[in-house]
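Architecture and fold: a report
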Amino acid sequence: MPQWHGWEKSAYEASIATCQRFADRIAEIYRDGDIIWVNDYHLMLLPKLIRERLPNAHIGFFLHIPFPSSEIFRCLHVRRELLEGMLGADVVGLQTFSYKRHFVHTAKRVLGVTGSPSGLILEDGRHVVVGQYAMGLDPAGVEEKWSNASVGELIEFLNDKYAGKYLLVGRDKLDHVKGVRQKLLGYETFLSENPEFVSKTVLIQIALTTAEHNELQVQVMDVVNRINSKFGTIEHQPVVFFHKDIPYSHYLALLSSADAMMITSLRDGMNLTSHEYVLCQREKNSPLILSEFVGTYGAFNGGALCVNPMDTKAISRAIYDALTMNPEEKQYRWNLLHRQVLTNSATSFVSSFVSDIESAHAQAARSSSTSPALV
């Protein structure tokens, strides 16, 4: 069930005021032919406000987080307002097919709009395209940073420091949906079930600070301390936990040195950390352990070792499979992942989304001009 934190009218009013300021400023600087691209949940109300000021503008809205199922979204007080805000756009973009399906189903149930092969038809007859767009990163940019001499030196340092050991890595925000605690519980199960790996496996977890309450940090640290107390020695620490970020060069070196990376989010968008990991693994081809609840799962299925993060035994099996995988399978899986990373780049994401905004707007204009006049 969704957690109830109370209704904060002032917070919603502040959100409206912020979006209105955005809309007013956009209307001031807008020129015919401009494309207006609104990003993420903070500005879900904005497309409608822009449409009211600029009826003929090219508008796209892209949501960078998962869109929940209808049963969850319909619990919101302002569900109608948020949906109507998003549908002020010509194109509403989501990261995966399932998020797209959730949005279309929710809009039809809450607003009573009609579905179409490419999106939704509103009560006023306007057509909104609803599409899925796989976000990516700039592979050339990551590779350029990876080629820096300082990264190579750090890779050598890590290889020397953890020589003879298997290195698992993770980098996540320390909030409930990122599944850091579930990852640690799965790792604990792995060490319990495979005592031969206890003295030669290390998990390095980077946990980025968030605005979440300290309760989760306490729960996570309880597991970290239990693992290190139960399986650690004066010579060996099974979990190295950093509750802070590290320099990007260190991060790339860590990804490059890993024998497996673990992403165990309970719910997540595309998680471009997995893309960075694949690019850094061109030499080792180490496996990726990926939650099936991550947006990247659909594209990476077949290349990654996919797990249900709530199943600690499944995580344990995935770790074992990753650390015992033969070189041929590693290379095969990495090639699949690498192909997806290059195909779903930031450039292809932007070009496809902008192209769809233009074509959707042109189609709407043609439909409007050919509609019969009401008498």
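These remarks concern the structure in this document. (Residues numbered from 1 in each chain as written. Predicted model: local features only at pLDDT ≥ 70, side-chain atom pairs only at ≥ 80, totals over all residues. Heavy atoms only, no water.)

On to the overall build of the protein chain, then. Secondary structure assignment for the protein chain yields 15 helices and 12 strands. When burial is assessed residue by residue, the protein chain has 48% of its 375 residues classed as buried. Nonlocal contacts in the protein chain, meaning residues at least 24 apart in sequence, comprise 76% of its contacts between residues at least 6 apart. (Helix = DSSP H or I, 4+ residues; strand = E, 2+ residues; numbered from the N terminus. Buried < 20%, exposed > 50% of the residue type's maximum accessible area, 1.4 Å probe, protein only. Contact = heavy atoms within 4.5 Å.)

We now examine the pairing of strand β7 (residues 166-173). Examined bridge by bridge, β7 and strand β8 (residues 201-208) share eight bridges and lie parallel to one another. Looking at the pairing, Asp172 lines up with Ala207 of β8. Of the strand pairs in this sheet, β7 and strand β10 (residues 260-263) are connected by two bridges, and their pairing is parallel. Of the residues in β10, the one forming a bridge with Val169 is Met261. (Pairing = 2+ DSSP bridges.)

Structurally, the position occupied by Pro238 is in the loop between α9 (214-231) and β9 (239-242). Relative accessible area serves as the criterion here: at 0%, Pro238 is assigned to the buried category. Note: C-alpha distance between Pro238 and Ala260 (22 residues apart in sequence) is 15 Å. Non-local contacts of Pro238, meaning those with residues more than four positions away in its chain, are made with Tyr187, Leu191, Thr201, Val202, Leu203, Ile227, Asn228, Phe231 and Gly232.

We now examine the sheet that holds strand β1 (residues 35-39). In space, the six strands of this open sheet follow the order β1-β2-β3-β6-β5-β4, with mixed pairing throughout. At either end of the open sheet lies a strand with only one pairing partner, and these are β1 and β4 (114-116). Along the sheet, successive strands turn relative to each other by an average axial angle of 25°, direction set aside. Direction of pairing for β4 relative to strand β5 (residues 119-121): antiparallel, over a ladder of three bridges. (Axes fitted to C-alpha atoms, helices over the stretch in contact; angles between N-to-C directions.)

Mapped onto the elements of the fold, His236 is located in the loop between α9 and β9. Engagement of the side chain of His236 in a polar contact is seen with the backbone oxygen of Val198, the distance being 2.9 Å. With near-sequence residues (within four places) excluded, His236 lies in contact with Lys165, Val198, Ser199, Lys200, Thr201, Val202 and Phe231. (Polar contact = N/O pair within 3.5 Å; in protein donor to acceptor, adjacent residues only side chain to side chain.)

Right, let's get into the packing of aromatic side chains. Taken as a whole, this structure holds 14 aromatic pairs when the rule is applied. Ring plane angle 70° and centroid distance 4.9 Å describe the contact between Phe62 and Phe349, whose orientation is recorded as edge-to-face. Placement of the pair is Phe62 in strand β2 (residues 58-62) and Phe349 in helix α15 (residues 346-370), with a sequence separation of 287 residues. Pair check on accessibility: Phe62 and Phe349 agree, each one buried. Between Tyr166 and Phe197 the ring centres are 5.5 Å apart and the planes differ by 45°, which places this aromatic pair in the tilted class. Taken together, the residues Tyr166 in strand β7 and Phe197 in the loop between α8 (180-193) and β8 connect sequence positions 31 residues apart. Feature note: the residues Trp37, Phe62, Tyr133, Phe349 and Phe353 constitute an aromatic cluster, connected by ring pairs. (Phe/Tyr/Trp six-rings, centres within 6.5 Å; stacked < 30°, edge-to-face > 60°.)

This brings us to the sheet that holds β10. Judged by pairing direction, the sheet is parallel, and its six strands sit side by side in the order β9-β8-β7-β10-β11-β12 without closing on themselves. Of all strands in the sheet, those bounded by a partner on one side alone are β9 and β12 (305-307). For this sheet the average axis-to-axis angle between neighbouring strands, irrespective of direction, equals 20°. Alignment of strand β11 (residues 288-291) against β12, held across three bridges, turns out to be parallel. If you follow Ser291 over to β12, its bridge partner there is Val307. Strand contacts of α8: β7, β8, β9 and β10, with the helix running at about 175° to β8, the strand carrying the most contacts.

Another point: the packing of helix α6 (residues 139-146) against helix α10 (residues 248-257). In the contact formed by α6 and α10, the axes pass within 10 Å of each other and the chain directions differ by 95°. Between α6 and α10, the crossing angle belongs to the class labelled roughly perpendicular. Contacts between α6 and α10 involve Val142, Lys145 and Trp146 from the former and Tyr248, Leu252 and Ser256 from the latter. Looking at the contact of α6 with α10 residue by residue, the classes come out as four nonpolar, one polar and one charged. (Parallel < 35°, antiparallel > 145°, perpendicular 65-115°, else oblique. Nonpolar A, V, L, I, M, F, W, Y, C, P; charged D, E, K, R; others polar.)

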